[in-house]
Amino acid sequence: MDHAIRFHAVEWPTLGLVVAVHVCWMLVTAGADSLGPWVTAPLLTIVLVLHSSVQHEVIHGHPFRNRALNEVLAIVPLGLFIPYNRFRDTHLAHHRSHTLTCPRRDPESAYVDPATWNALPGPVKMLLHANNTLAGRIVLGPLISQFLLVSGDLRRAWSGEAGLVRAWVLHAAGLVPVIWWLLEAGEVPGWMVLATAYAALSILKVRTYAEHRAHPDPHARSCVVENGGVLGLLFLNNHLHALHHAEPELAWYRLPARYRACRTAILRVNDGYRFASYAELFRRHFARPRDQVPHPLPGIFNPQR
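Below is a summary of the structure that appears in this document. Residue positions within a chain follow its written sequence, with the count starting from 1. Predicted model: local features are reported for residues with pLDDT of at least 70 only, side-chain atom pairs are reported and counted for 80 or more only, and whole-chain, interface and lining totals are derived from all residues. As a rule here, side-chain values come from all non-hydrogen atoms in the structure, and water together with hydrogens is ignored.

Here we look at the nonpolar core
Here is step 1 of the chain: By convention a nonpolar core is built from buried Ala, Val, Leu, Ile, Met, Phe, Trp, Tyr and Cys residues, the set being connected through side-chain atoms within 4.5 Å. Here the term buried applies to any residue with accessible area under 20% of the maximum for its type, exposed to any over 50%, and partly exposed to those in between, with areas from a 1.4 Å probe on protein chains only. Trp25, Leu48, Phe275 and Leu281 are the most contacted members of the largest nonpolar core, which has 44 residues in total.
Here is step 2 of the chain: Among the secondary structure elements, those contributing two or more residues to this core are α2 (12–30), α4 (37–59), α9 (134–139), α11 (164–184), α12 (190–209) and α16 (278–285).
Here is step 3 of the chain: For helices the rule is a DSSP run of H or I covering at least 4 residues; for strands it is a run of E covering at least 2, with both sets numbered from the N terminus onward. By residue number, the principal contributor to this core is α12, which donates eight residues.
Here is step 4 of the chain: Listed in part, the 10 residues of the second largest apolar core include Val224, Leu243, Cys262 and Ile266.

Regarding the pattern of salt bridges
Any two side chains of opposite charge can pair, so long as their charged atoms come close to each other.
Here is step 1 of the chain: A carboxyl oxygen of Asp or Glu within 4 Å of a side-chain nitrogen of Lys or Arg is what we treat as a salt bridge. With the rule as written, the count across this model stands at 12 salt bridges.
Here is step 2 of the chain: Across the pair Arg156 and Asp153 runs a salt bridge whose closest N-O atoms are separated by 3.7 Å. Linking Arg156 with Asp153, this pair stays in helix α10 (residues 141–158), spanning three residues, or about one helical turn.
Here is step 3 of the chain: Arg156 gets classed as partly exposed once you look at its relative accessible area, which sits at 32%.
Here is step 4 of the chain: With relative accessibility at 4%, the residue Asp153 sits in the buried group.
Here is step 5 of the chain: For the salt bridge of Arg207 with Glu211, the shortest nitrogen-to-oxygen distance reads 2.5 Å.
Here is step 6 of the chain: A relative accessible area of 14% means that Arg207 is categorised as buried.
Here is step 7 of the chain: Assessed through its relative accessible area of 5%, Glu211 is described here as buried.
Here is step 8 of the chain: Among the charged side chains, a network of salt bridges with common partners joins Arg67, Glu71, Arg88 and Asp89.

A closer look at the packing of α4 against helix α5 (residues 67–74)
Here is step 1 of the chain: Axis definition: a line fitted to C-alpha atoms, limited for helices to the stretch in contact. Angles are taken between N-to-C directions and run from 0 to 180 degrees. The contact between α4 and α5 brings their axes to 9 Å, and the two run at 170°. Regarding the angle of α4 to α5, the classification is roughly antiparallel. Contact residues: α4 offers His51, Gln55 and Val58, while α5 offers Asn70, Glu71 and Ala74.
Here is step 2 of the chain: In terms of residue class, the contact of α4 with α5 is built from two nonpolar, three polar and one charged. Orientation labels follow simple angle bins: below 35 degrees gives roughly parallel, above 145 gives roughly antiparallel, 65 to 115 gives roughly perpendicular, and whatever is left gives oblique. The contact criterion used is simple: two residues touch if any of their non-hydrogen atoms lie within 4.5 Å. We call Asp, Glu, Lys and Arg charged. Ala, Val, Leu, Ile, Met, Phe, Trp, Tyr, Cys and Pro are nonpolar, and the rest, Gly among them, are polar.

Re α10
Working note: α-helix, 3.6 residues per turn, so residues spaced by three or four point in the same direction.
Here is step 1 of the chain: Between the first and last residue of a helix there are one fewer steps than residues, each counted as 1.5 Å, and that sum is the expected span. Relative to the 26 Å expected for 18 residues at 1.5 Å per residue, α10 spans 26 Å between its end C-alpha atoms, a close match to the ideal helical length.
Here is step 2 of the chain: Restricting attention to buried positions, one finds in α10 the residues Gly141, Pro142, Ile144, Gln146, Leu149, Gly152 and Asp153.
Here is step 3 of the chain: Tucked inside the fold, the buried residues of α10 contact α6 (84–96), α8 (122–131), α9, α11 and α12.
Here is step 4 of the chain: Positive phi appears at Gly160, one or two residues downstream of α10, with a value of about 100°.

Structural notes on the environment of Asp271
Here is step 1 of the chain: When you line up the elements, Asp271 lands in the loop between α15 (255–269) and β2 (274–277).
Here is step 2 of the chain: When the C-alpha atoms of Asp271 and Cys102 are compared, they prove to be 19 Å apart, with 169 residues separating the residues in sequence.
Here is step 3 of the chain: Residues within four places of Asp271 in sequence aside, it is in contact with Arg213, His215 and Ala220.

Overview of the environment of Val165
Here is step 1 of the chain: Examined against the element boundaries, Val165 turns out to sit in helix α11.
Here is step 2 of the chain: A residue is classified by how much of its surface remains accessible, and Val165, at 54% relative accessible area, is exposed.
Here is step 3 of the chain: With 11 residues separating them in the primary sequence, Val165 and Leu154 have C-alpha atoms 8.6 Å apart.

A few points about the packing of aromatic side chains
Here is step 1 of the chain: A pair of aromatic rings is counted whenever rings of Phe, Tyr or Trp (Trp by its six-membered ring) have centres within 6.5 Å, and the orientation is called stacked for planes under 30 degrees apart, edge-to-face for over 60 and tilted otherwise. Within the structure shown, the criterion is met by six aromatic pairs.
Here is step 2 of the chain: With 6.5 Å between their ring centres and 35° between their planes, Trp25 and Trp181 make a pair best called tilted. Here Trp25 is found in helix α2, whereas its partner Trp181 is found in helix α11, with 156 residues between them in sequence. The pair Trp25 / Trp181 is uniform in exposure class, with both members buried.
Here is step 3 of the chain: A centroid spacing of 5.4 Å and a plane angle of 90° characterise the contact between Trp252 and Tyr253, whose relative ring orientation is edge-to-face.
Here is step 4 of the chain: Exposure remark for Trp252: the relative accessible area of 17% places this residue in the buried category.
Here is step 5 of the chain: Clustering of aromatic rings is evident, with ring pairs tying together Trp25, Trp180 and Trp181.

Just distances and angles here, no functional claims.
This is how it looks when you write it as structure tokens:
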């Protein structure tokens, strides 16, 4: 009986997807010469997007009940740039934040503290304004995010914050088998490895671009893109983001049915913050900012909130 309970506690769709992503990465990188660059590059980018989405599932406790087992599945950095431990810690802090979108407390906020904004030089403000359009977020977003992550971690590690050095050391250790495979068994040129890793982050920026907004009601800060299409599959249904924040433990393959059952209530709670599709998001905000860069709600910085 105990064995049966443990067996059925495993989320097999997620476990199967984890295995499939890693196998596909090995097959694509090993067969790049046969596939050619015009097939290899898009396939590898898709695999890396899915790998990040799988890491997100692992962060939320899937597919096993055991955290250590889960993290073994996701810690190898196929996407090269972001340490899994830093992704995990910042994302869980984002979910725990009682002041969602506040740049002082939400590590995933795209807003800037107004006091910081006022002190920024003009060229940096122009860069952040460009990054506030969807086009800018796709092109510039990964570079800006990586710079902020690395520079912030260096500053905080120098100040003695625990865990940061360990996270980057583990990341470096995880890169060893990735680089070994790419050099010994893979056939992907170095420029394509870096380009596809960056392209995957750019696609993921489409998902995160409109996930949250500044709003007086904390429950109305998370978005829904109702028809995720192909991107929704790559994001493992995280386009239903308001539902994910309401029930973060819900596995990716259960989100669509749950959303259909609760659609009216979710849209009422989030004050109708929705896009019909990613096509609508592109149409409305590809070249036009969705919001301002400095956080527009001064009250959110009140430490009592």
